[in-house]
Amino acid sequence: MAPTEIPSRLEVAFRKGRPALVAYLMGGYPDRAGSLAALRAVALAGADVIELGVPYADPLADGPVIQHAAKVARARDGSFGLAETLDLAAEAATIEDMPPLVVMTYLNPMMRMGFPVVAGRAAEAGIAGFIVPDLPPDNPMAAQWMREARSRGIDTVFLAAPTSTPERLALVGERSAGFVYVVSSLGVTGERAELPAELTALVGRVRASTSLPVAVGFGVSTPQQVSNVAGIADGIIVGSALVKRQDDPVALGDFVRSLASAVQRR
Amino acid sequence: MSDVLLPSVESAYSSPDAQGFYGPYGGTFVPETVIPALAELAKAYETALNDPEFRNELGYLLRDYVGRPTPLYKAERLAEAVGLGTVYLKREDLNHTGAHKINNSLGQCLLAKRMGKHRVIAETGAGQHGVATATAAALMGLECAVFMGVEDIRRQALNVYKMRLLGSEVVPVAEGGGTLADAVTAALRHWVERVEDTFYVIGSTVGPHPYPAIVREFQSVIGEETLAQLQVKGVGHVDAVIACVGGGSNAIGMFYPFLRNLPDESRPLLVGAEAAGLGIETDKHGAALTKGTPGVMHGFYSYLLQDDAGNPLEAYSISAGLDYPGVGPEHSSLKDAGLVRYEAVTDAEALEAFALLTRTEGIIPAIESSHALAMLPRLAAELGPDAVVVVNVSGRGDKDMDIVREAGLGTD
Ligand SMILES: Cc1ncc(COP(=O)(O)O)c(C=O)c1O
């Protein structure tokens, strides 16, 4: 728990009396204006939290759809990166009824910009949290980053994996703020035809290790899957299935509405 | 026999720390999914190191299968040609499969077997680590898949064919520039998916902890043998020891025993040669230590070629084993501490050194190793005509015939 008394916007977003829908979009894809239109469409369609990905040259934890979007974004608009994504977020925050934004970035762009600068700019842009997939909670760099982030009311969300030991889950649960991100299955991001049968047990183990809301991502891509996960988790994160539609705000909005109603129906 | 190269009682050099940091470099920067596997690996590795049976088995394979110890050969005609007193070549090119990579592949595949994994994966640039791992997998009856960039598949067709002959799958990687860094990323992505039944055999002193330490351990046989051979030959004084640096495994394998066993005063100058490609003033090189800045890639913190926004850049070198935008974390720490000097060697200089060794000694070196050899004339200018220098010839040049022919060597 953060020592400061700034209430977590993310925790609030996950505690509306029903599971929250978290929509992942790639910053700068298909271009800056296109990603802004996508943000607007997804907000309007009822996403409770938006995760905004930072295009990166070596997206180690991402599958083909997100890799492709990052590549396109980096090729356009003078190489879209962390600075441009924070700037985009600042503009998105002025959109009416914009849900809390979480930045998802690999660590190196943050290190290159410097943690104090990243945290300062993110706070100005109204960012609610950060997800950094290649920064484990017990890495000394995580403590350095969190010192900067916490004091500015920015949550750092750590990931729990199917392979995590009870000790690791305890660590993830204790160090996370806002929510805990449960990686549904082994592998990188991307749509999966089926989610693993052990997911329910995994979510149960994560719950036992934290008082924070618990959200499930990686592979969740259809309204049916969203509905299933909504039965066990406080949040459902959908990424590749949205990024695939990100160049068409109308189709994207329709799809997010179908996911949002799948959540509501629970 | 002189005592200058005898082990000191206590060396101050002790890296990495418990979290895998060499000074500020190294560490574990990977998705949570593989963290437990890395912890499991670290434990299995510790147990194996303390198990005489493991050491015996590896020692037996290195001797009877690989052909170790490799000779320390006094290259008199080469020494004369470059203007040095004495040049010793550590002949890693004479290893089974043609390079130092087999030392590490056998060690890691033995570890994999101990851990009950029946499947291994590897990345490869020049194809040497791929061939070495495919070989170890064939020997031990392990399933093996090797990730290789499409550009490297083109440059190193012979090694691709060898891996397939050995029963391994070669997985083409088309992302990025289709070279070594892309192959590492693809292998790491695959590992995240198959971590439960698959052992990732990393080919250099890179990657998250404990890999850099494991690879150093398995390659240290190079430097240990060299120290012993110098003693047997009665060589009491060495001025410099040179190795090429891609990820840095043959270099750390050579340097580490010198760092650990010798006090600063009597330690030879240690020189790492990285790839300057078309020149370090261009953007076509692989000189992470000379031109990079610290950053995180492939799970560790080290000097890295990166843009202003923190994206790793594509590296370039004529040699597929040196065109990596990063470098092993221990080398970054050694650079900062001034314990090793790193210099960059261009494609053209490497080709020249390749031709020189071939013509003076009848030894055809790998194009990677030729980068180390290219340091000889520079050191002659600096150390004078009586200096004694050891060069690690990390591999043989059979795989590079097409490249040197394309570059116009031997066609006159
Ligand atoms: C013969 C040879 N030398 C050197 C290298 C570079 O690797 P490292 O720096 O890890 O020794 C390679 C890599 O493929 C190689 O094949």
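Note that this is a predicted model, so its numbers are computed, not measured. (Residues numbered from 1 in each chain as written. Chains lettered and ligands numbered in written order. Predicted model: local features only at pLDDT ≥ 70, side-chain atom pairs only at ≥ 80, totals over all residues. Heavy atoms only, no water.)

**Describing the packing of helix α1 (residues 35–49) of chain B against helix α9 (residues 211–219) of chain B**
Residues and elements named next belong to chain B. Closest axis-to-axis distance for the α1/α9 pair is 10 Å, and the angle between their directions is 25°. By the criterion of interaxial angle, the relationship of α1 to α9 is roughly parallel. Where α1 crosses over α9, the two elements pack in a sense that is left-handed. Where α1 abuts α9, its residues Leu 38, Leu 41, Tyr 45 and Leu 49 lie against Tyr 211, Ala 213, Ile 214 and Glu 217. Residue classes in the contact of α1 with α9 are distributed as 7 nonpolar, no polar and 1 charged. (Axes fitted to C-alpha atoms, helices over the stretch in contact; angles between N-to-C directions. Helix = DSSP H or I, 4+ residues; strand = E, 2+ residues; numbered from the N terminus. Parallel < 35°, antiparallel > 145°, perpendicular 65-115°, else oblique. Left-handed = near helix turned anticlockwise from the far one by under 90°. Contact = heavy atoms within 4.5 Å. Nonpolar A, V, L, I, M, F, W, Y, C, P; charged D, E, K, R; others polar.)

**Quick look at the environment of Asp 134 of chain A**
Within the fold, Asp 134 of chain A resides in the loop between β4 (129–131) and α7 (140–150). Its relative accessible area of 8% is what places Asp 134 of chain A among the buried residues. For the pair formed by Asp 134 of chain A and Leu 107 of chain A, sequence separation is 27 residues and the distance between their alpha carbons is 6.3 Å. If we skip the residues at most four places from it in the chain, Asp 134 of chain A touches Tyr 106 and Leu 107 of chain A together with Phe 29, Val 30, Pro 31 and Val 296 of chain B. Of the polar contacts made by the side chain of Asp 134 of chain A, one reaches the backbone nitrogen of Leu 107 of chain A; its length is 2.9 Å. (Buried < 20%, exposed > 50% of the residue type's maximum accessible area, 1.4 Å probe, protein only. Polar contact = N/O pair within 3.5 Å; in protein donor to acceptor, adjacent residues only side chain to side chain.)

**Let's talk about the packing of aromatic side chains**
Residue and element names in this part refer to chain A. Taken as a whole and judged by the stated rule, the model has 12 aromatic pairs over all chains. Relative to Trp 145, the ring of Phe 115 has its centre 5.7 Å away and its plane inclined at 70°; by these criteria the two rings are edge-to-face. Separated by 30 residues along the polypeptide, Phe 115 in helix α6 (residues 115–124) and Trp 145 in helix α7 bring together distant segments of the chain. Under the relative-accessibility criterion, Phe 115 is labelled buried at 8%. With a centroid separation of 6.0 Å and an interplanar angle of 90°, the aromatic rings of Tyr 181 and Phe 218 are classed as edge-to-face. One end of the pair, Tyr 181, is in strand β7 (residues 180–183); the other, Phe 218, is in the loop between β8 (214–217) and α10 (223–230), and 37 residues separate them in sequence. No difference in accessibility class separates Tyr 181 from Phe 218, as the two residues are buried. (Phe/Tyr/Trp six-rings, centres within 6.5 Å; stacked < 30°, edge-to-face > 60°.)

**Topic: the sheet that holds strand β4 (residues 86–91) of chain B**
All names here are of chain B. The 6 strands lie next to each other as β3-β4-β14-β9-β10-β13, forming an open sheet whose pairing is mixed. What marks the edges here is a single partner per strand, and that holds for β3 (72–74) and β13 (341–346). Neighbour-to-neighbour, the strand axes of this sheet turn through a mean angle of 25°, independent of strand direction. Relative to strand β14 (residues 388–393), β4 is paired through 6 bridges, and the arrangement is parallel. Residue pairing in the sheet places Lys 90 in a bridge with Asn 392 of β14. Of the strands in this sheet, β4, β9 (240–244), β10 (269–277) and β14 touch helix α11 (residues 249–261), which is tilted by about 155° from β9. (Pairing = 2+ DSSP bridges.)

**Some points on the interface of chain B and chain A**
In this complex, chain B contributes 32 residues to the contact, which on the side of chain A involves 35 residues. For the pairing of chain B and chain A, the buried interface totals around 2700 Å² over both sides, and the portion due to carbon and sulfur atoms is 54%. When the buried surface of chain B facing chain A is broken down by residue, Phe 29, Glu 32 and Arg 189 of chain B rank first, second and third, together holding 24% of it. On the surface where chain B and chain A come into contact, there are 2 salt bridges. Its salt-bridge partner being Asp 308 of chain B, residue Arg 112 of chain A comes within 3.6 Å of it at the nearest N-O pair. Of all the elements in the fold, those that place two or more residues in the side of chain B that touches chain A are α1, α8 (180–194), β11 (293–297) and β12 (300–304) of chain B. No other element matches the 5 residues that α8 of chain B contributes to the side of chain B that touches chain A. (Buried area = accessible area lost by both parts, 1.4 Å probe. Salt bridge = Lys/Arg side-chain N within 4 Å of Asp/Glu carboxyl O.)

**With respect to the pattern of salt bridges**
Residues and elements named next belong to chain B. In total, this model carries 36 salt bridges over all chains according to the counting rule given. The closest approach of N and O atoms between Glu 382 and Arg 341, which form a salt bridge, is 2.5 Å. With Glu 382 in helix α16 (residues 375–383) and Arg 341 in strand β13, the pair connects residues that are 41 residues apart, well separated along the chain. Note on Glu 382: relative accessible area 45%, which makes it partly exposed.

**Examining the site of the ligand**
All names here are of chain B. Surveying the vicinity of the ligand reveals 19 residues, the closest of which are Ser 204, Gly 246, Gly 248, Ser 249 and Ser 394. Ser 204 places a side-chain nitrogen or oxygen 2.5 Å from an oxygen atom of the ligand. Between the ligand and the protein, one listed contact pairs an oxygen atom with a backbone N or O atom of Gly 247 at 3.2 Å. Burial of the ligand by the protein amounts to 97% of the accessible area it has alone, namely 390 Å². When each cavity is represented as a set of grid points, the ligand is found to reside in the largest cavity. Residues of the shell around the ligand, tallied by class, amount to 6 nonpolar, 11 polar and 2 charged. (Near = heavy atom within 4 Å. Areas by Shrake-Rupley, 256 points an atom, 1.4 Å probe, with all protein chains shown as cover. 1 Å grid on protein atoms, 1.4 Å probe; cavity = no way out; pocket = protein on both sides within 12 Å on 5 of 7 lines; lining within 4 Å. Sits in = over half its atoms within 2 Å of the grid points.)

**Here's the deal with the packing of helix α5 (residues 128–140) of chain B against helix α7 (residues 157–165) of chain B**
Residues and elements named next belong to chain B. In the contact formed by α5 and α7, the axes pass within 9 Å of each other and the chain directions differ by 15°. In terms of orientation, α5 lies roughly parallel with respect to α7. α7 is crossed by α5, and the crossing has left-handed handedness. Between α5 and α7, the residues in contact are Gln 128, Gly 130, Val 131 and Ala 134 and Asn 159, Lys 162 and Met 163, respectively.

**Considerations on the sheet that holds strand β2 (residues 49–53) of chain A**
Residues and elements named next belong to chain A. Strand order in the open sheet formed by 9 strands is β5-β4-β3-β2-β1-β9-β8-β7-β6, and the pairing between neighbours is parallel. Lying at the two open borders of the sheet, with one neighbouring strand each, are β5 (155–157) and β6 (159–160). In this fold helix α4 (residues 82–92) packs onto β2, β3 (101–104) and β4, with an angle of close to 155° to the strand it touches most, β2. In the packing of helix α9 (residues 199–208) onto the sheet, the strands contacted are β6, β7 and β8, and the crossing angle to β8 comes to about 145°.

**A closer look at the domain arrangement of chain B**
All names here are of chain B. Looking at chain B, the domain boundaries give domain 1 (28–63 + 101–215) and domain 2 (67–98 + 220–406). Distance between the C-alpha centres of domain 1 and domain 2: 22 Å. In this assembly, domain 1 packs against domain 2 so that about 2600 Å² is buried in total across both faces, 57% of it on carbon and sulfur atoms. Three residues, Phe 29, Arg 155 and Thr 205, lead the burial of domain 1 against domain 2; their summed loss comes to 21% of the area buried on that side. Summed over the shared surface of domain 1 and domain 2, the result is 1 salt bridge. Across the salt bridge formed by Asp 323 and Arg 155, the nearest N and O atoms sit 2.7 Å from each other. (Domains from an automatic or database assignment.)

**Some thoughts on empty space enclosed by the protein**
A full pass over the atoms with the stated rule returns 8 cavities of 30 Å³ or more. The space that makes up the largest cavity amounts to roughly 310 Å³. Lining the largest cavity are 30 residues, and of these His 100, Lys 101, Gly 203, Gly 321 and Glu 368 of chain B sit closest to its centre. Those elements giving two or more residues to the lining of the largest cavity turn out to be β5 (119–124), α5, α8, α11 and α15 (367–373) of chain B. There are two domains that each give the lining of the largest cavity at least three residues, and those are domain 1 (28–63 + 101–215) and domain 2 (67–98 + 220–406) of chain B. As for the second largest cavity, its lining consists of 18 residues, of which Tyr 181, Thr 189, Phe 218, Gly 239 and Ser 240 of chain A are closest to the centre. Breaking the lining of the second largest cavity down by element, the ones donating at least two residues are β9 (235–238) and α11 (240–243) of chain A. In the lining of the second largest cavity, the residues fall into 9 nonpolar, 6 polar and 3 charged. (Points joined across faces, edges and corners; volume = space filled by probe spheres on them.)

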